[in-house]
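# Topology and contacts: notes
Here's the letter readout for the chains.
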Amino acid sequence: MSTIVYISSNNGLGKSAFEAVTYAKKMGEDVIAVTVGNADSNVLAELGQYGATKVLVDRNANSDDDQQITKVIASAVSSTSANKVVFSHDLIAKAVAPRLSVRLKAGLVAGAISLPSTDGGFSCKVNVFSGKAFGNVTVKTENKIISLLPNSIQPEITGANCSVEDFNGNAGDSKVKVLSTKKPEGEISLPEAELVVSAGRGLKGPENWGMIEDLAKELGAATACSRPVADIGWRPHHEHVGQTGVAIRPNLYIAVGISGAIQHLAGVNGSKVIVAINTDAEAPFFKAADYGVIGDAFDVVPKLVEAVKKFNASNN
Amino acid sequence: MKILVCISKAPDTTSKIAFTENNTKFDENGVQYIVNPYDEWYALVRALEIKETIGGNVTIITVGNTADEAIIRKALAIGADDAVRIDAEPNDAYFTASQIAKYAKENSFDIVLTGKETINYNGSQVGGMIAEELDLPFISLATKLDLNGTTATLEREIVGGVQVVEVSTPFVASCAKGMAEQRIPNMRGIMAARTKPLTVIPVSSNEEFTSYTSYTMPDAKSACKMINPENMDELVALLHNEAKVI
Ligand SMILES: Cc1cc2nc3c(=O)[nH]c(=O)nc-3n(C[C@H](O)[C@H](O)[C@H](O)COP(=O)(O)OP(=O)(O)OC[C@H]3O[C@@H](n4cnc5c(N)ncnc54)[C@H](O)[C@@H]3O)c2cc1C
């Protein structure tokens, strides 16, 4: 039996692609990566280093059309007699994995955070209640699909580049026409980021975000914000984290001037380490944080930026 | 335009999360249910706005039991025309999606909308599954939806950016922030909701692909270590040496 990993390769290969292949490899069967679009074969071959034995590319399918991608993966499943499909739980997977679940009659674990356990049935751990608890999802079907939450395992290099083969997945016609694609440049995608610097209403206004961006830049972190900050338009909506925004689980989450309301914590309490900076010693964030600084962001953040600069300089 | 909006119940965002029966069931004791915010704020309100500009009908559908009629009445009070309840307690995304898809197939809608995900199980699965069952295009995580005749232009979130796509009706979309603004039902809406038609239909199949077999709570956090605001070098050193995250 083999395991198929679907890779979104529109923007080259991200860390989440390596995580998904590593995860599939750890499941113990032959790993075949599948992608669509026109990524460079030399780049795709790197998936071999993480455990793929080959990469199948359908260069005719539209990488923005979930219906076409679904058909390509289904063809790959039948031609390789795979019984498991792994995705990284990104925006493409959120559209494609449910479709594939219906097409293959395969139960889907959406947002897995652990390798499957096979004692007493096939099950995986996921976040539920927006990160306030964990659930164990048991898949009852013969075929299985797992969509892996980014930053849940570390990519591991175990081998060398693998072969990349053209594949015709019979994607059919595309019913979705892409009119335009806007990508903010130079930013680190929030769900994939290992380090995140986030700020809230305590910053008083959008003009004060310079120091937050400086801190993020020094750390190599992505920026995020609380909901009211996105609602009033101080920051773009895609930065809004929490129960009704993006749920993230970076290694480090630094919260500046955010009170720590339950709906905010729901989206960030999967972070490995949390630092809270707040003037109010009673702010609820301190109950969820590992490190706390009681102080004014306008004093503390510039000092922290300097300290990180010093650290970076001495580590180079 | 005939629009079908899928709504789900979800525990109020401040609910205490706990489990019973040896951690196999969500403890509903004292939990207040609301309409899942994505379904209500974005999918339903955008459907109503479309109806208000070009005419049509907005039907809401939920898979749920009698107790869920409270959230159905809320959605009707906000302005939906009629409602369908498929009589079952859903435990699996495929189970839910297949019931809704069957109804949608039999009653042919131009647009089927869901919320981005529910705030309790966060699966983001039902919309895509309905689309596959109906063999329709699916625009996931749409933040904008405009119609011109039978052509729809939608914006959707892509990794770190925004994409504009065009599809023809019929299609399925899941709705995220940006799509519309929350509406508070008024007294007239609440009164009218009482007499709007609600059809209850039995389940069509019991097929499930997955089930939640147990739950666990995160480990309690150890106490927060306080750092002197004058000493950010110490914080950086702790993040490096102790937490090992930088
Ligand atoms: C259904 C529902 C869903 C929601 N979903 C979300 C969600 O997804 N994400 C989300 O974030 N919120 C969400 N909320 C809102 C949430 O309840 C809070 O209102 C929100 O998180 C508060 O944002 P804030 O911490 O930035 O602002 P505030 O609550 O105003 O807190 C500002 C903080 O900054 C501190 N401060 C002030 N000045 C300074 C300074 N100079 N230096 C340092 N600290 C300072 C204050 O002490 C305070 O703690 C939701 C609410 C509801 C009802």
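First, a word on scope: everything that follows refers to the structure included in this document. (Residues numbered from 1 in each chain as written. Chains lettered and ligands numbered in written order. Predicted model: local features only at pLDDT ≥ 70, side-chain atom pairs only at ≥ 80, totals over all residues. Heavy atoms only, no water.)

### Observations concerning a nonpolar patch on the surface
Residue and element names in this part refer to chain B. On the surface, Met187, Ile190 and Met191 cluster together into a nonpolar patch covering about 290 Å² of accessible area. On the secondary structure map, Ile190 appears in helix H5 (residues 187-193). Ile190 sits in the partly exposed class, given a relative accessible area of 33%. (Patch = residues over 30% accessible without salt bridge, like charges linked within 9 Å, V, L, I, M, F, W, Y side chains within 5 Å. Areas by Shrake-Rupley, 256 points an atom, 1.4 Å probe, with all protein chains shown as cover. Salt bridge = Lys/Arg side-chain N within 4 Å of Asp/Glu carboxyl O. Helix = DSSP H or I, 4+ residues; strand = E, 2+ residues; numbered from the N terminus. Buried < 20%, exposed > 50% of the residue type's maximum accessible area, 1.4 Å probe, protein only.)

### Looking at the sheet that holds strand E14 (residues 273-278) of chain A
With parallel pairing, six strands are arranged side by side in an open sheet as E12(A)-E11(A)-E13(A)-E14(A)-E15(A)-E15(B). Of all the strands in the sheet, just strand E12 (222-225) of chain A together with strand E15 (225-226) of chain B have a single pairing partner and so form its edges. As defined by bridge partners, strand E11 (residues 195-199) of chain A adjoins strand E13 (residues 252-256) of chain A across five bridges and the pair is classed as parallel. Note on E13(A): the bridge partner recorded for A:Val196 is A:Tyr253. Of the strands in this sheet, E13, E14 and strand E15 (291-294) of chain A are in contact with helix H9 (residues 297-314) of chain A, which crosses E14(A) at around 135°. (Pairing = 2+ DSSP bridges. Contact = heavy atoms within 4.5 Å. Axes fitted to C-alpha atoms, helices over the stretch in contact; angles between N-to-C directions.)

### Some thoughts on the site of the ligand
If you check the shell around the ligand, you find 28 residues, and the closest are A:Ser226, A:Thr244, A:Ser259, A:Gln263 and A:Asn278. Those chains with residues close to the ligand are chains A and B. Between the ligand and the protein, one listed contact pairs an oxygen atom with a side-chain N or O atom of A:His264 at 2.7 Å. Computed on the free molecule, the ligand has an accessible area of 990 Å², of which 79% lies beneath the protein chains in the complex. Sorting the residues of the shell around the ligand by element identifies helix H6 (227-231), helix H7 (262-268) and H9 of chain A as the ones contributing at least two each. The residue inventory of the shell around the ligand, partitioned by class, reads seven nonpolar, 16 polar and five charged. (Near = heavy atom within 4 Å. Polar contact = N/O pair within 3.5 Å; in protein donor to acceptor, adjacent residues only side chain to side chain. Nonpolar A, V, L, I, M, F, W, Y, C, P; charged D, E, K, R; others polar.)

### Comments concerning the side chain of A:Thr70
Relative to the helices and strands, A:Thr70 is located in helix H3 (residues 66-80). Engagement of the side chain of A:Thr70 in a polar contact is seen with the backbone oxygen of A:Asp66, the distance being 2.5 Å. Apart from residues no more than four positions distant in its own chain, A:Thr70 is found in contact with A:Val96, A:Arg99, A:Leu100, A:Arg103 and B:Glu132.

### Things to note about the environment of A:Ile153
All names here are of chain A. Looking at the secondary structure, you find Ile153 in the loop between strand E8 (144-148) and strand E9 (163-166). Separated by 11 residues in sequence, Ile153 and Val164 place their C-alpha atoms 25 Å apart. Once residues lying within four places of it in the same chain are set aside, the contact partners of Ile153 are Glu19, Thr22, Tyr23 and Leu148.

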